[in-house]
Protein chains: 2
Amino acid sequence: MLNPEYIGFFAAILTTSAFLPQAFKIWKTQSADGLSLTMYLVMGTGTSCWLIYGVLIQSPSIIVANSVSISIIIFIITFIVRSKK
Amino acid sequence: MLNPEYIGFFAAILTTSAFLPQAFKIWKTQSADGLSLTMYLVMGTGTSCWLIYGVLIQSPSIIVANSVSISIIIFIITFIVRSKK
């Protein structure tokens, strides 16, 4: 039987990488114009809840995926807040 | 002990709703200009893998969250492909 964690980690790589182009663009242009703070705050809160869920059901792939996503989302939120000043 | 599924479903509502403003905007303007097809294809593939993972570990909140997300992502991809014609 295939270990579900293999599929989980593959899924984690894909859904986490979907955020990367946005993060790179912000880093390159040093600007977060046009991005919705509300969307990233909702996404960040949701991702934090998935992390707690992963810890509770002891799922390694959910824990890793959401820890990485939270780091990227915090990076994006920091830039959005800075550029609003 | 708190049932992890409560946190899972709360997380599901938040991370799924983060996609909704984009879907509404596409519906209202009938345009998907500026959206990255690659990003949504990667996100769609990743979300499909999370769905398989959810079925394998028998997690109701992961199954529901990713089924809803896949529907929204397919809707967005359909508009991006149509607007490229």
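Parameters at a glance
The numbering scheme is per chain: residues are counted from 1 as the chain's sequence reads. Following the order in which they are written, the chains are lettered starting with A and the ligands numbered starting with 1. Local features are withheld for residues below a pLDDT of 70 in this predicted model, meaning they are given only at 70 or higher, and side-chain atom pairs are given and counted only at 80 or more; totals for whole chains, interfaces and linings count all residues. With hydrogens and water set aside, each side-chain value is computed from the structure's full complement of heavy atoms. Here a cavity means grid points, on a 1 Å grid over the protein atoms only, where a 1.4 Å probe fits yet cannot get out; a pocket means an open set of points with protein on both sides within 12 Å along at least five of seven lines; lining residues are those with an atom within 4 Å of a point. Grid points are joined across faces, edges and corners, and a volume is the space filled by probe spheres set on the points. For the purposes of this entry, the term helix denotes a DSSP run of H or I that reaches at least four residues, the term strand denotes a run of E that reaches at least two, and both are numbered from the N terminus. Any pair of residues with heavy atoms lying within 4.5 Å of one another is described as a contacting pair. Buried area, as used here, totals the accessible surface that two parts lose on assembly, with accessibility defined by a 1.4 Å probe and the loss added over both. Salt bridges are defined by distance alone: a side-chain nitrogen of Lys or Arg within 4 Å of a carboxyl oxygen of Asp or Glu. Each polar contact in these results corresponds to two N or O atoms within 3.5 Å; when the atoms are within protein, one needs to be able to donate a hydrogen and the other to accept it, and residues that are neighboring in sequence are counted only if both atoms are side-chain atoms. Throughout, the ten residues Ala, Val, Leu, Ile, Met, Phe, Trp, Tyr, Cys and Pro are labelled nonpolar, Asp, Glu, Lys and Arg are labelled charged, and all others, Gly among them, are labelled polar. Axis geometry follows a simple rule: fit a line to the C-alpha atoms, using only the stretch in contact for helices, then measure angles between N-to-C directions, giving values from 0 to 180 degrees. By the definition adopted for this analysis, an angle is roughly parallel if under 35 degrees, roughly antiparallel if over 145, roughly perpendicular if from 65 to 115, and oblique otherwise. Each helix crossing is assigned a hand: it is left-handed if the near helix lies turned anticlockwise from the far helix by less than a right angle, otherwise right-handed if that turn is clockwise. Three exposure classes are used, based on accessible area relative to the maximum for each residue type with a 1.4 Å probe and protein chains only: buried under 20%, partly exposed in between, and exposed over 50%. Across the chain, each position has a pLDDT score giving the predictor's confidence in that residue, from 0 to 100. Here the copies are matched by least squares. The fit uses the C-alpha atoms of residues with pLDDT of at least 70 in both.

Visitor: So what exactly am I meant to see when it comes to empty space enclosed by the protein here?
Guide: Unfilled space is identified by rolling a water-sized probe across the atoms. A full pass over the atoms with the stated rule returns one cavity of 30 Å³ or more. Estimates place the volume of the largest cavity at around 390 Å³. What lines the largest cavity is a set of 19 residues, and nearest its centre among them are Trp50 and Asn66 of chain A together with Thr15, Trp50 and Asn66 of chain B. Going through the elements one at a time, helix H3 (37-56) and helix H4 (60-84) of chain A together with helix H1 (4-17), helix H3 (37-56) and helix H4 (60-84) of chain B are the ones with two or more residues in the lining of the largest cavity.

Visitor: What's the story with the interface of chain A and chain B in this structure? I'm lost.
Guide: Many descriptions give the size of an interface as the accessible area lost when the pieces come together. If you look at the interface, chain A gives 27 residues, while chain B gives 27 residues. A buried area of about 2,300 Å², summed over both sides, lies between chain A and chain B, and 85% of it is on carbon and sulfur atoms. Where chain A packs against chain B, one counts zero salt bridges. The interface formed by chain A and chain B holds eight residue pairs in polar contact (both at pLDDT 80 or more) in total. Here the side of chain A that touches chain B takes 11 residues from H3 of chain A, the largest share from any one element. Partitioned by chemical class, the residues of the side of chain A that touches chain B number 19 nonpolar, seven polar and one charged.

Visitor: Just checking my understanding: could you explain the packing of helix H1 (residues 4-17) of chain A against H3 of chain B for this structure?
Guide: In helix packing, the relevant descriptors are the interaxial angle and the interaxial distance, both defined with respect to the helix axes. Direction vectors running N to C along H1 of chain A and H3 of chain B enclose 155°, while the axes themselves pass 8 Å from each other. By the angle between their axes, H1 of chain A is roughly antiparallel relative to H3 of chain B. Here H1 of chain A runs over H3 of chain B; the crossing is left-handed. Facing Pro4, Glu5, Ile7, Gly8, Phe10, Ala11, Ala12, Leu14 and Thr15 of chain A of H1 of chain A, the residues of H3 of chain B in contact are Val42, Met43, Thr45, Gly46, Thr47, Cys49, Trp50, Ile52, Tyr53 and Leu56 of chain B. Its residues placed into classes, the contact of H1 of chain A with H3 of chain B shows 13 nonpolar, five polar and one charged.

Visitor: I would appreciate a short explanation of the side chain of Ser69 of chain B in the present structure.
Guide: All names here are of chain B. Mapping Ser69 onto the fold places it in helix H4. With a relative accessible area of 7%, Ser69 lands in the buried category. In this view, Ser69 contacts Thr16, Phe19 and Thr47; residues no more than four positions away in its chain are not counted.

Visitor: Is there a simple way to explain the layout of surface pockets in this structure?
Guide: Approximately 950 Å³ is the volume attributed to the largest pocket. Looking at the lining of the largest pocket, the elements with two or more residues in it are helix H2 (20-29) and H3 of chain A together with helix H2 (20-29) and H3 of chain B. Per-class residue counts for the lining of the largest pocket are 18 nonpolar, 10 polar and four charged.

Visitor: Just to check I follow, could you spell out the confidence of the model for chain A for this structure?
Guide: Keep in mind that low pLDDT regions are not for reading the predicted coordinates in detail. All names here are of chain A. Taken over all residues, the pLDDT of chain A has a mean of 91, while the share at 70 or more is 98%. When mean pLDDT is compared element by element in chain A, H3 scores highest at 95, while H2 scores lowest at 88. Scoring the predicted complex yields pTM 0.88 and, for the interface, ipTM 0.86.

Visitor: I keep staring at the relation of the copies chain A and chain B and nothing clicks. Help me out?
Guide: Applying a rotation about an axis and a shift along it to one chain copy brings it onto the other copy. Placing chain A over chain B gives an RMSD of 0.0 Å and needs a rotation angle of 180°, together with 0.0 Å of translation along the axis. Such a combination of turn and shift is consistent with a two-fold rotation axis. The fraction of interface residues of chain A whose copies in chain B are also interface residues reaches 100%, indicating that both copies meet through the same surface.

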